[in-house]
Amino acid sequence: MGDDTVRWGFETRAIHAGQQPDPRTGSVIVPIYATSTFKQDGVGGVRDGGYEYSRTANPTRTALEDQLAALEGGRHGLVFASGMAASDIALRSITKPGDHVILGNDAYGGTFRLLDKVLTLWGVQYTSVNLSDVDAVRAAVEPNTKLIWCESPTNPLLGIADLAALASVAADAGARLVVDNTFATPYLQSPLGLGADVVLHSTTKYLGGHSDVVGGALITSDDELYEKFFFLRNAVGAVPSPFDSWLVLRGAKTLALRMERHSDNAERIVEALVGHPKVLKVYYPGLPDHPGHEIAAKQMRRFGGMVSVAVAGGEQVALDICSRTKLFILGESLGGVESLIEHPGRMTHASTTGSPLQIDGNVLRLSVGIEDATDLVADLLQAME
Ligand code: PLP
């Protein structure tokens, strides 16, 4: 980050960090550098700026990396072809065969699958625990624990972990803390400032914000980790295209405005669902009776746009509601301007079926968009009739 960037407010960083007008043409918007390779000044003579081949680095990608690093308050940003590619690079850079990882017991299903079905074959062991219970996390630390992998809020049950407390458990254990900040976004929560070593994003979600791109990011201030991430990403080639990088760069400019509206609309929906006769439980960290409410209020600016709900009557009722909404589109993913509804047990978290991370069949997850809140509430209520 440049010196100015450090002093700028969040919205200014989103629009200007890494995004100076193009020095050759004056283009205000960072161009999509659709090129695989760059002219060299003589054999081995890489030009100023250091670009030689787009798997290694590309200027559109650099702009996004600088923007995201500035938003998370980190020294380095790296972007990837997907959130899972970012997770894979982080896991395999921080651990080696024989190491142990602590994972939250309601982690995103894809993260669980990567650890359970891929990393274990490579010789990494893991324990899944309730990360909102700091004592349980401390008790799960083994002599070979190298990594605590945390989501807060979690996907899909909106559990809250005390990030500063987990950072101190990780530091005492000589382990790293990675925080998947996809649900909160850098606008609502700054894990690096609370002691995390690495922030991970599925930029597919709120950072991109328009459901038109798949991508991932890692942000860290640790030079050694950055070098490892950079090396492995270049070695395996898990990079986003210049166009995909540009879409996320453009989307993230309006993150602050969108997160305010997502949070406003989620609050309106929570208000309508709490106490509804067909609702057993609403999962939202903004509710005063949510077990993580106080910690969330301390470490988050607001409570975000994700809401989960357990409905009365079991799985079939939940499935019926999914088929009756008109504005809430039935679909995986989250964080776009349009509202989505999904059934985690059969969709995003199907890979956890039969494991301790399995989600109850009566749970629905809502990604509350930025439409008119009155319309969204009416849509949900008619679907629950
Ligand atoms: N982390 C969280 C919290 C997610 O919800 C997802 C995807 O849904 C991922 C990581 C993986 O990201 P991607 O789908 O971009 O690979």
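Residues numbered from 1 in each chain as written. Predicted model: local features only at pLDDT ≥ 70, side-chain atom pairs only at ≥ 80, totals over all residues. Heavy atoms only, no water.

K.L.:
Can you walk me through the confidence of the model for the chain in this structure?
P.N.:
Do not read the predicted coordinates in detail wherever pLDDT is low. On average, the chain scores 96 in pLDDT, and the residues at 70 or more come to 99%. Taken element by element, the chain is modelled with least confidence in helix 1 (residues 3-7), mean pLDDT 80, and with most confidence in strand 7 (residues 216-220), mean pLDDT 99. (pLDDT = per-residue confidence, 0-100. Helix = DSSP H or I, 4+ residues; strand = E, 2+ residues; numbered from the N terminus.)

K.L.:
Even after reading the chapter, I still don't get the site of the ligand, so can you show me in this structure?
P.N.:
The ligand sits among Ser82, Gly83, Met84, Tyr108, Asn155, Asp180, Thr182, Ser202, Thr204, Lys205, Gly215 and Leu334. Within the side chain of Ser202, a nitrogen or oxygen atom sits 2.8 Å from an oxygen atom of the ligand. Contact with the protein chains covers 90% of the free accessible surface of the ligand, which is 390 Å². The residue makeup of the shell around the ligand, split by class, is three nonpolar, seven polar and two charged. (Near = heavy atom within 4 Å. Polar contact = N/O pair within 3.5 Å; in protein donor to acceptor, adjacent residues only side chain to side chain. Areas by Shrake-Rupley, 256 points an atom, 1.4 Å probe, with all protein chains shown as cover. Nonpolar A, V, L, I, M, F, W, Y, C, P; charged D, E, K, R; others polar.)

K.L.:
What am I meant to see in the pairing of strand 12 (residues 363-367) here?
P.N.:
Put simply, side chains in a regular strand alternate between the two faces of the sheet. Counting buried residues in strand 12 gives five out of five residues, a clear majority hidden from the surface. Neither face of strand 12 is left uncovered, since the one carrying Val363, Arg365 and Ser367 and the one carrying Leu364 and Leu366 both have all their residues buried. Pairing geometry for strand 11 (residues 340-342) and strand 12, over three bridges, is antiparallel. Opposite Glu342, over in strand 12, you have Arg365 as the bridge partner. (Buried < 20%, exposed > 50% of the residue type's maximum accessible area, 1.4 Å probe, protein only. Pairing = 2+ DSSP bridges.)

K.L.:
Would you mind going over the environment of Ala17 with me for this structure?
P.N.:
Note that Ala17 resides in the loop between helix 2 (10-16) and helix 3 (59-72). Linking Ala17 and Glu294, residues 277 residues apart in sequence, is a C-alpha distance of 32 Å. Excluding anything up to four places from it in sequence, Ala17 contacts Thr5, Trp8, Thr12, Ala63, Asp66, Gln67 and Ala70. (Contact = heavy atoms within 4.5 Å.)

K.L.:
I would appreciate a short explanation of the pairing of strand 2 (residues 100-104) in the present structure.
P.N.:
Along strand 2, five of the five residues are buried, which leaves the element largely enclosed by surrounding structure. Burial along strand 2 is two-sided: His100, Ile102 and Gly104 and Val101 and Leu103, pointing in opposite directions, are all buried. Taken together, strand 2, helix 5 (residues 109-119) and strand 3 (residues 125-129) form a β-α-β motif whose crossover is right-handed. Relative to strand 4 (residues 145-151), strand 2 is paired through four bridges, and the arrangement is parallel. Bridge assignment links His100 to a residue of strand 4, and that residue is Thr145. (Right-handed = clockwise from strand over helix to strand, strands pointing away.)

K.L.:
Is there a simple way to explain the sheet that holds strand 7 in this structure?
P.N.:
Each strand in a sheet pairs with another by means of backbone hydrogen bonds, the pair being arranged parallel or else antiparallel. Reading across the sheet, the seven strands line up as 1-7-6-5-4-2-3 and stay open at both edges, with mixed pairing between neighbours. Among the strands making up the open sheet, the edge pair consists of strand 1 (76-80) and strand 3. The average undirected angle you get between the axes of adjacent strands in this sheet is 20°. The pairing of strand 1 with strand 7 spans five bridges and is antiparallel. The residue bridging His76 from the neighbouring strand is Thr220, located in strand 7. Against the sheet, helix 3 makes contact with strand 1, strand 6 (198-202) and strand 7, and its axis sits at roughly 125° relative to strand 1, the strand it touches most. Contacting strand 2, strand 3 and strand 4, helix 5 runs over the sheet at an angle of about 155° to strand 2. (Axes fitted to C-alpha atoms, helices over the stretch in contact; angles between N-to-C directions.)

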